[in-house]
Amino acid sequence: MSKRLQKTFSRSEKLLIAYSMVGYPDFESSLEVFEKLIEGGSDILEIGYPFSDPVADGSTIQVAHEKALENGIRFKHVVQTVKTLRDRYADVPLLVMTYYNPIFKIGLEKFVSTFAEAGADGFIVPDLPPEESSELKEVVKKHDLALVMLAAPTSTPERLKLICRTTDVFTYYVSVKGITGEREELPLRELEERLKLYRSLCNKKVAVGFGISKKEHAKKVGQMADAVVVGSLFVKLAGKREFDAVKRAAEELKEGLREAV
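Structural notes, computed from the coordinates. Just so it is clear, the structure is predicted and the values come from calculations on it, not from any experiment.

Some thoughts on the sheet that holds strand β4 (residues 122-124)
Line of reasoning, step 1. Strand order in the open sheet formed by nine strands is β5-β4-β3-β2-β1-β9-β8-β7-β6, and the pairing between neighbours is parallel. Of all the strands in the sheet, the pair left with one neighbour each is β5 (146-148) and β6 (150-151).
Line of reasoning, step 2. In the sheet, strand β1 (residues 15-21) pairs with strand β9 (residues 227-230) via four bridges, with the strands oriented parallel. Residue pairing in the sheet places leucine 16 in a bridge with valine 228 of β9.
Line of reasoning, step 3. On top of the sheet, helix α9 (residues 188-201) reaches β7 (170-174) and β8 (205-209); it is set at about 155 degrees to β8, its chief contact.
Line of reasoning, step 4. Contacting β1 and β9, helix α12 (residues 243-259) crosses the sheet at an angle of about 155 degrees to β1.

Shown next as structure tokens:
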């Protein structure tokens with residue numbers, strides 16, 4: 001699996017995983033957004049692949065999916081984004097965030113091998129349950145990439161064990177019951193208990209996402225997890241073409257993570 005991803009998670013600091021959408025608000029601008037995220041201190045990038053039915057996403061990211069598709073963004077554009085970012089940033093892990101349909105439609109081998117050649121480190125597929133992941137995982141493993149699985153607040157101990165066996169490097173733990181989107185408050189007490197359960201069952205790293213949008217969120221969640229995932233905040237700023245604000249927001253979240261003890 002991806003050595004870049006393993007190396008990044010081996011660092012002692014808490015990590016910021018930043019998501020944005022290819023082609024939103026337009027193709028060239030989306031590249032600038034990813035660059036601003038890295039300049040702001042993001043440790044890992046989630047490269048959003050637009051899809052017509054993004055069931056796990058809230059309204060902010062749904063709009064980004066729709067606009068990117070309207071802009072004509074397809075497989076080749078996401079591949080080009082990964083390649084461009086890899087050429088510019090040799091050490092930053094790049095994870096493609098996609099629903100399963102595009103993978104199936106294009107073909108597992110072609111999809112994975114093309115992204116591997118472009119410089120991707122792995123995939124996050126939110127609508128792929130671990131019970132049905134073996135075929136994709138085999139292809140991903142063949143190309144020495146990572147497949148990151150999601151866990152939810154409703155995941156049972158048995159399911160967490162299955163997720164742990166299936167995921168590579170880390171688990172993406174969903175902080176809330178529901179879809180992506182900024183939230184004023186997070187269920188921190190419940191999250192703490194769920195992460196204690198996770199760590200008692202799994203020795204792999206854990207990143208928490210969904211709802212995190214403030215420095216204080218990052219600080220508090222960073223005290224429990226190895227990384228936080230932020231998306232809707234950055235996508236909202238990208239949609240407003242506030243690219244410098246994207247960098248500042250990443251800097252603030254990273255500062256919160258540094259304060260996590």
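Quick look at the state of the cysteines
Line of reasoning, step 1. The tally for this structure, following the rule as stated, stands at one disulfide.
Line of reasoning, step 2. With its sulfur 2.0 Å from that of its partner, cysteine 164 forms a disulfide with cysteine 202. Handedness here is read from the sign of the S-S torsion; for cysteine 164 and cysteine 202, about 80 degrees, the answer is right-handed. Remark: cysteine 202 occurs in the loop between α9 and β8 and cysteine 164 occurs in helix α8 (residues 157-166); sequence separation between them is 38 residues. As far as the burial class goes, cysteine 164 and cysteine 202 line up, both buried.

Here is what the cut-offs are and how they apply
Residues numbered from 1 in each chain as written. Predicted model: local features only at pLDDT ≥ 70, side-chain atom pairs only at ≥ 80, totals over all residues. Heavy atoms only, no water. Pairing = 2+ DSSP bridges. Helix = DSSP H or I, 4+ residues; strand = E, 2+ residues; numbered from the N terminus. Contact = heavy atoms within 4.5 Å. Axes fitted to C-alpha atoms, helices over the stretch in contact; angles between N-to-C directions. Disulfide = S-S within 2.5 Å. Buried < 20%, exposed > 50% of the residue type's maximum accessible area, 1.4 Å probe, protein only.

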